Amino acid sequence: MTNKGGPETEEQARIRFQIELEFVQCLGNPHYLNFLAQRGYFKDSSFINYLKYLLYWKETEYAKFIKYPMCLYFLDLLQYEHFRREIVNAQCAKFIDDQILLLWQYYTRRRTKFLQTAMESQSMNVNCSMNINGSMNGNPQVQTKNNGPSLPH
């Protein structure tokens, strides 16, 4: 990627950044990890060193570009020989993939419920504030829905 004996150009750095970003995000797919393991990549010390090098993606200035944060978790796991040995098993990769799916389903349901609750709460606050009128003496009064007499609050 670098010039012969010279420093990396800006264009080469941009291309390397894109390639490494794409590769790191691919690590979030357990089936891809299984593919790499079955082809012996995780037994190659150069590849293991490359995975160590890629840990810089966990730094905030780089992590902000990651769309699939689960890949950083797998990048951490790949630092352990035991995980690299186990991911060669297709059943292990399938189990991990299923667990990721369940996590995202749980997260999505929980997030949706949280947002609905927040929206309902905000809606109630807006409705309440719309029904409160300030009087001339500074004491707020609440109007009833039938626009009848207001009650002191």
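As a convention, each chain's residues are numbered from 1 in the sequence order in which they are written. In keeping with the model being predicted, local features are shown solely for residues with a pLDDT of at least 70 and side-chain atom pairs are shown and tallied solely at 80 or more, while totals for entire chains, interfaces and linings include all residues. Where side-chain values are given, they derive from all heavy atoms of the structure, hydrogens and water being excluded.

A. Here's a closer look at the packing of aromatic side chains. Ring pairs shown here join Phe, Tyr and Trp side chains whose ring centres sit within 6.5 Å, with only the six-membered ring taken for Trp; geometry is labelled stacked below 30 degrees between planes, edge-to-face above 60, and tilted in between. Tallied over the entire structure, the rule returns 16 aromatic pairs. Between F23 and Y32 the ring centres are 6.4 Å apart and the planes differ by 80 degrees, which places this aromatic pair in the edge-to-face class. Only protein chains enter the accessibility calculation, which uses a 1.4 Å probe; a residue whose area is less than 20% of its type maximum is buried, one above 50% is exposed, and one in between is partly exposed. On the accessibility criterion, Y32 (26% relative accessible area) is partly exposed. Ring centres 6.2 Å apart and planes at 15 degrees place the aromatic pair Y32 and F35 in the stacked group. You can see Y32 and its partner F35 sitting in helix 2 (residues 30–38), 3 residues apart, about one turn around the helix. Overall, the relative accessible area of 36% leaves F35 in the partly exposed class. Each helix corresponds to a stretch of at least 4 residues labelled H or I by DSSP, and each strand to a stretch of at least 2 residues labelled E; elements are numbered beginning at the N terminus.

B. The arrangement of helix 1 (residues 10–26) in detail. Taking 1.5 Å per residue as the helical rise, helix 1 with its 17 residues ought to reach 24 Å, and the 24 Å between its terminal C-alpha atoms agrees with that figure. Looking at helix 1, one finds that the buried residues are Q12, E20, L21, F23, V24 and Q25. The length a helix should cover is 1.5 Å for every residue beyond the first.

C. Just the layout of surface pockets, in detail. Put simply, the grid is 1 Å and covers the protein atoms alone, a cavity is a trapped set of points that fit a 1.4 Å probe, a pocket is an open set with protein on both sides within 12 Å along at least five of seven lines, and lining residues have an atom within 4 Å of a point. Grid points are joined across faces, edges and corners, and a volume is the space filled by probe spheres set on the points. Taken as a whole, the largest pocket holds about 150 Å³ of empty space. No other element matches helix 6 (residues 81–86), which puts 3 residues into the lining of the largest pocket.

D. Here's a closer look at the packing of helix 1 against helix 3 (residues 45–53). Interaxial distance between helix 1 and helix 3 falls to 12 Å at its minimum, and their mutual angle equals 100 degrees. In terms of axis orientation, helix 1 runs roughly perpendicular to helix 3. Contacts between helix 1 and helix 3 involve R16, E20 and F23 from the first element and F47, Y50, L51 and Y53 from the second. Per-class residue counts for the contact of helix 1 with helix 3 are 5 nonpolar, no polar and 2 charged. Every angle, taken between N-to-C directions, lies between 0 and 180 degrees, and every axis is a line fitted to C-alpha atoms, over only the stretch in contact when it is a helix. Each angle gets one of four labels, with under 35 degrees taken as roughly parallel, over 145 as roughly antiparallel, 65 to 115 as roughly perpendicular, and the rest as oblique. Contact criterion: two residues are considered in contact whenever any of their non-hydrogen atoms come within 4.5 Å of each other. Charged residues are taken to be Asp, Glu, Lys and Arg, nonpolar residues to be Ala, Val, Leu, Ile, Met, Phe, Trp, Tyr, Cys and Pro, and polar residues to be all remaining types, Gly included.

E. Broad picture of the nonpolar core. In this text, buried Ala, Val, Leu, Ile, Met, Phe, Trp, Tyr and Cys residues form a nonpolar core when linked through side-chain atoms within 4.5 Å. Membership of the largest hydrophobic core comes to 27 residues, with the highest contact counts inside it found for L27, L33, F42, L51, L54, W57 and I87. Within the residue set of this core, elements represented by two or more residues are helix 1, helix 2, helix 3, helix 5 (70–77) and helix 7 (90–131). Ranked by the residues each element gives to this core, the list is headed by helix 5, at 5 residues. With residues near it in sequence (within four places) discarded, I87 still touches P30, L33, N34, A37, F42, C92, A93 and I96.

F. How the structure looks around the side chain of R84. Here R84 shows up in helix 6. In this tally, Lys and Arg are treated as positive and Asp and Glu as negative; His is ignored, and so are the chain termini. Counted as salt bridges are all cases of a side-chain nitrogen of Lys or Arg within 4 Å of a carboxyl oxygen of Asp or Glu. Look at R84: it is buried, it has no salt bridge, and the nearest opposite charge is E81 at 4.9 Å. Other than its neighbours up to four places away in sequence, R84 contacts A37, F42, I48, L78 and Q79.

Don't take any of this as a statement about function, it's just geometry.
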